[in-house]
Amino acid sequence: MTRTPDVSVVIPTCDRPDLVVRAVRSALAQTIDTIEVVVVIDGGDEATQSALAAMRDDRVRVVPLPERGGAPNARNVGVREARAPWTAFLDDDDEWLPEKLETQLAAARAAGAPLPIVASRLINRTPRAEFVLPRRLPEPGEPISEYLTVRRGLFHGDGFIQTSTIMAPTELLRRVPFTVGLRRQQELDWTLRAVSHPDVELVMTPEPLVVWHQDEDRPRISLASPWEAQFEWLQAIRPLLTPRAYAALAMSVISSMAATTRSFQVFRMLLAEARRHGRPGVIDYVTYLQIWLIPPDLRHRLRDRVLNRRRGGGQPPVPEARGGDAVPSGLPATHAESMPSVVGEPDPVAGGGRQ
């Protein structure tokens, strides 16, 4: 490739050659072809290098790292390698719909801030069902920290952002890199730090432009993260959160990890923290009690029962791609609700930080 691309696509990967090839193909199939795909291989992985070399597309550039440093570090390396003014992220086990970048570039041109972050809705695909997240877009004047964390009901996904939906100015991503070593809430952490700059705004496109594959049987590093480390992270970012957002995170995400301790001392400490530095609402208290009092297996069964009931109702259609191409892989045409999450699910508020 000789000309400067319009968008650099950064894909961190490790030891998943089949999945990353699928992700790269979805990037190369975009309706704009003025892109480069920078695949950062996190540690030695000859199988992935061979699989990517076999694709024989000069828009694909592979950056192997000598040792593993985690997904945030790999993303930062990819951003440093990027040649385009815009960088978009794609996790190796996700896919983009064909108009993803074209739609986001149009939204970026219409944005009011000099450095807009453009995210989108996504199709949340699990072995059981498919739904669109987030369930709503930010309201005018709504604090981003509250949009991404505060629930209006007992369902996950009112507000939501996930790595594979994000496109941002490369300049901004170099100014505000991902936090290396953070194993969960990587997207939320980065977004909150980025939008704290006065020349940055978050723009959400209404179309679902990403397929987020959640294989519930696949081990995920993010779900094994010790709750103490995430609690320290929450305390460190408190200046970026409103009191409502701080309470919501303490009483949902952090407590869902800490509840496995079954410790009344931890229960009391997290509740006191949320009340001291946050402003919990009724939903936060209900969330908190369910997390600590209802066993995970029972919560899963309750969630599935609610899920099956809600799937029976009519819902707005998922937009089709240009030319009438339906959303790929058999997505039903009527899923605009998020997957219900009876509170206490390990589902992250803002993505999982997958490695």
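Residues numbered from 1 in each chain as written. Predicted model: local features only at pLDDT ≥ 70, side-chain atom pairs only at ≥ 80, totals over all residues. Heavy atoms only, no water.

(A) Representation of the overall build of the protein within the structure. Counting its regular elements, the protein contains twelve helices and nine strands. The contacts in the protein between residues at least 6 apart in sequence include a share of 78% that link residues at least 24 apart. Roughly 14,800 Å² of accessible area belongs to the protein as shown, and the carbon and sulfur atoms make up 53% of that amount. (Helix = DSSP H or I, 4+ residues; strand = E, 2+ residues; numbered from the N terminus. Contact = heavy atoms within 4.5 Å. Areas by Shrake-Rupley, 256 points an atom, 1.4 Å probe, with all protein chains shown as cover.)

(B) Summary view of the pattern of salt bridges. With the rule as written, the count across this model stands at 18 salt bridges. The salt bridge involving Arg135 is made with Asp158; its shortest N-O contact spans 2.6 Å. Residue Arg135 is located in the loop between strand E7 (130–133) and helix H5 (144–147), and its partner Asp158 is located in the loop between H5 and strand E8 (167–169); the two are separated by 23 residues in the primary sequence. Among the residues examined, Arg135 registers a relative accessible area of 22% and is labelled partly exposed. (Salt bridge = Lys/Arg side-chain N within 4 Å of Asp/Glu carboxyl O. Buried < 20%, exposed > 50% of the residue type's maximum accessible area, 1.4 Å probe, protein only.)

(C) Just the environment of Pro5, in detail. Within the fold, Pro5 resides in the segment before strand E1 (7–13). By relative accessible area, Pro5 is classed as buried at 2%. For the pair Pro5 and Ala82, spaced 77 residues apart in sequence, the C-alpha separation works out to 9.3 Å. Sequence-distant contacts of Pro5, defined by excluding residues within four places in its chain, comprise Thr34, Ile35, Glu36, Arg83, Ala84 and Pro85.

(D) View of the packing of aromatic side chains. In this structure the tally under the stated criterion is eight aromatic pairs. Relative to Phe178, the ring of Phe89 lies with its centre 5.2 Å away and its plane at 85°, an arrangement referred to as edge-to-face. Of this pair, Phe89 sits in strand E4 (residues 86–89) while Phe178 sits in the loop between helix H6 (170–175) and helix H7 (186–195), and the two are 89 residues apart along the sequence. Side by side, Phe89 and Phe178 carry an identical accessibility label, which is buried. Ring-pair connections join several aromatic residues into one group, and the members of that group are Phe264, Phe267, Tyr288 and Trp292. (Phe/Tyr/Trp six-rings, centres within 6.5 Å; stacked < 30°, edge-to-face > 60°.)

(E) Spotlight on the side chain of Asn124. In this structure, Asn124 sits in strand E6 (residues 115–125). In this structure the side chain of Asn124 is engaged in a polar contact, spanning 2.7 Å, whose partner is the side chain of Gln214. (Polar contact = N/O pair within 3.5 Å; in protein donor to acceptor, adjacent residues only side chain to side chain.)

(F) View of the nonpolar core. Core analysis: the biggest nonpolar cluster contains 48 residues, and Ile117, Trp190, Leu234, Leu270 and Trp292 have the highest contact counts within it. For this core, the leading source of residues is helix H9 (residues 243–258), giving ten residues. Those residues in contact with Trp190, other than ones at most four positions away along the chain, are Ile117, Ile166, Ala168, Leu172, Leu173, Val176, Pro177 and Phe178. Counting 34 residues, the second largest nonpolar core, distinct from the first, contains Val21, Val24, Ile35 and Trp212. (Core = buried A, V, L, I, M, F, W, Y, C linked by side-chain atoms within 4.5 Å.)

(G) The arrangement of the side chain of Asp45 in detail. Inspection of the secondary structure assignment puts Asp45 in the loop between strand E2 (35–41) and helix H2 (46–53). Polar side-chain contacts of Asp45 include one of 2.5 Å to the side chain of Thr48. Contact partners of Asp45, with chain neighbours within four places excluded, come to Cys14, Asp15 and Arg16.

(H) Looking closely at the pairing of strand E3 (residues 60–64). Note that E2 and E3 share five bridges and pair parallel. Bridged to Val39 within E3 is Val62. Assessed by its sense of winding, the connection that carries the chain from E2 through H2 to E3 is right-handed. (Pairing = 2+ DSSP bridges. Right-handed = clockwise from strand over helix to strand, strands pointing away.)

(I) Broad picture of unusual backbone geometry. In this model, Leu133 is joined to Pro134 through a cis peptide bond whose omega is -10°. By the secondary structure assignment, Pro134 is in the loop between E7 and H5. Here Arg56, not a glycine, exhibits a phi torsion of approximately 50°, which is positive. In this structure, Arg56 sits in the loop between H2 and E3. Non-glycine residue Arg262 carries a positive phi angle of around 55°. Within the secondary structure layout, Arg262 lies in the loop between H9 and helix H10 (264–277). Arg262 sits in the exposed class, given a relative accessible area of 51%.

(J) Layout of H7. H7 sits mainly inside the fold: eight of its ten residues count as buried. Inspection of H7 places Gln186, Glu187, Leu188, Asp189, Trp190, Thr191, Leu192 and Ala194 among the buried residues, and these make up the whole buried set.

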